[in-house]
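Below, each chain spelled out in residue letters.
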Amino acid sequence: MPTNNGAAKVPNEITVSAAVSLKDAFIEIGQLYETRTGIHVNFNFAASGILQKQIEQAAPVDVFASAGERQMDELANKNLIFTDTRRDFAGNTLVLILPRSQATTQELQWFERLAQSPVRKIAIGNPQTVPAGFYARQTLVNLNLWDKVQQKLVLAEDVRQVLDYVARAEVDAGFVYVTDIAPTNQAVFVAAPAPETTHDSILYPIAVVKDSRHAEAALGFIALVLSPEGQAVLKKYGFISVLFGEG
Amino acid sequence: MIWSAFKVSLLVVSVATIITSVLGLALAFVLARREFRGRELLDAVLTMPLVLPPTVTGYYLIVLLGRRGLLGAPLYAWTGWTITFTWQAAALAATVVALPLMIKAARAAIESVEPKYELASFTLGKGELETFLRVTLPLARRGVVAGIVLSAARALGEFGATLMLAGNIPGKTQTMPLAIYEAVISGEDRRAQTLAVALTLVSVAAVYLTNKLSRAKSAQAA
């Protein structure tokens, strides 16, 4: 727990470093927070790995919201976050997507089809750097498909790239989070969610950064994210609420 | 949001270009006209940001200047201020990445000036600074202007080092390239396209105008 410094005054603003995939939901929660407290929220949106590096170099960040547990674990190991403020605040669903043009309704064995010859290329995020790619590999391994599809894999640097390859039909299938697909996206077709038992739970952790000079205000922001209102906003953008269970 | 990114970019590019021009010219002169040990090593070190991926340059900068950095820690202890996540950080990142282009172009231009003109000036009793400003610089002008244009263009497009050191904070450190990155990655294709077209138009206009201006001046001088 950050020490409650009685002399600390209420700050004018706090800085929240958040994974860029959380952007829309967090901007909305940030506005709620500002209305409630009068404290302005500066958002710093980038890939979780970059945000982690910045915090390691003591960038002036109050709250870190990561798209992967790994980045948060590494900061915890270096004693750079208040571990007792750490919470998983949202979940996500990994889905198999196809180009809209190749969508057929009669075929249901989507995952088995990946190993067959009509599917020549499959895009996933680089499992080393992209959390969604890491979970995609777990799913393919657990379905005993990894060895069969490995030659077909195209590794992308972020989920957006996977989405683009599929939308342009450069590849025959891809794995992304359900929240990455805009409701207006007509170019891709969601075939099926990856079975939950085939990969680790996809959870987004949040915590107060040790270097924060506004730990109280930072804690207030996290409380709002975890509150029913914050969770409702996240749910609206397709994330799984940690309060209401599956969403 | 587009407007605020434009304003941040304008500020960052202006500051970076002024620093790059003055500092780059001074360094180019030293490299072109001074013999000293480690001269080519200095040139090589200053050229590194041209070769390194900008994210790596940004990482070096944040390791050096962050609150726990080699230079950043004493600065923070002394002033309570850190450059990380400020517009000054964006200007610095742009400067470091753009500087090699200025140095390369200006050094070549200064080296192409016949030393006999400078010698003549010295014989007439003029000092080194006056000789540089009134003889060397006018003769090297086209290369120098090219260096300024190239480095300003590079500063405008700078992304990787800026993201690392300055962060991506709308209204504060979010330059146009960062706004494009954010729009693309969050699937706002419309906004990404608008921003990309705006950035392209601004760059083409800037380079075109400067070229024209420098040609006109050169023609005048000839």
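None of the values given here were measured: they were computed from a predicted structure.

The rules behind each value
Residues numbered from 1 in each chain as written. Chains lettered and ligands numbered in written order. Predicted model: local features only at pLDDT ≥ 70, side-chain atom pairs only at ≥ 80, totals over all residues. Buried ≥ 20, exposed ≤ 12 C-beta atoms within 10 Å, placed from the backbone. Helix = DSSP H or I, 4+ residues; strand = E, 2+ residues; numbered from the N terminus. Pairing = 2+ DSSP bridges. Right-handed = clockwise from strand over helix to strand, strands pointing away. Contact = placed C-beta atoms within 7 Å. Axes fitted to C-alpha atoms, helices over the stretch in contact; angles between N-to-C directions. Nonpolar A, V, L, I, M, F, W, Y, C, P; charged D, E, K, R; others polar.

**Quick look at the pairing of strand S2 (residues 40-46) of chain A**
Every other side chain in a regular strand lies on the same face of the sheet, so the side chains alternate between the two faces.
All names here are of chain A.
Thinking step 1. Along S2, 6 of the 7 residues are buried, which leaves the element largely enclosed by surrounding structure.
Thinking step 2. Relative to S2, strand S1 (residues 13-19) is paired through 7 bridges, and the arrangement is parallel. When the sheet's bridge partners are listed, Ala-19 is paired in S2 with Ala-46.
Thinking step 3. Since S1 and S2 lie parallel, the crossover through helix H1 (residues 23-37) that links them has a hand, and here it is right-handed.

**A few points about the sheet that holds strand S3 (residues 63-65) of chain A**
Residue and element names in this part refer to chain A.
Thinking step 1. A sheet is described by the order of its strands in space; here 6 strands give the open sequence S2-S1-S3-S10-S4-S11, paired in mixed fashion. In this open sheet, the two edge strands, each paired with only one partner strand, are S2 and strand S11 (240-241).
Thinking step 2. Taken together, the 4 bridges between strand S4 (residues 87-91) and strand S10 (residues 203-208) define a ladder with antiparallel strand orientation. The residue of S10 that forms the bridge with Arg-87 is Ile-206.
Thinking step 3. Relative to the sheet, helix H8 (residues 215-226) contacts S1, S2, S3, S4 and S10, its axis offset from that of S10 by approximately 155°.

**As for the sheet that holds strand S6 (residues 122-125) of chain A**
Sheet strands line up and pair through hydrogen bonds in the backbone, either parallel or antiparallel.
All names here are of chain A.
Thinking step 1. Pairing is mixed in the open sheet, where 5 strands are placed in the order S7-S6-S8-S5-S9. Two strands lie at the open edges of the sheet, namely strand S7 (153-156) and strand S9 (188-193), each paired on one side alone. Strand-to-strand twist across the sheet, computed as the mean angle between neighbouring axes with direction ignored, equals 35°.
Thinking step 2. Bridge analysis of S6 against S7 gives 4 bridges, and the strand direction is parallel. Bridge pairing in S7 links Ile-124 to Leu-155.
Thinking step 3. The sheet strands contacting helix H7 (residues 159-167) are strand S5 (94-99), S6, S7, strand S8 (173-177) and S9, and the helix crosses S8 at an angle near 140°.

**Some thoughts on the interface of chain B and chain A**
Thinking step 1. On the chain A side, the residues contacting the 22 residues of chain B number 20 residues.
Thinking step 2. Residues that form the side of chain B that touches chain A fall into these classes: 10 nonpolar, 8 polar and 4 charged.

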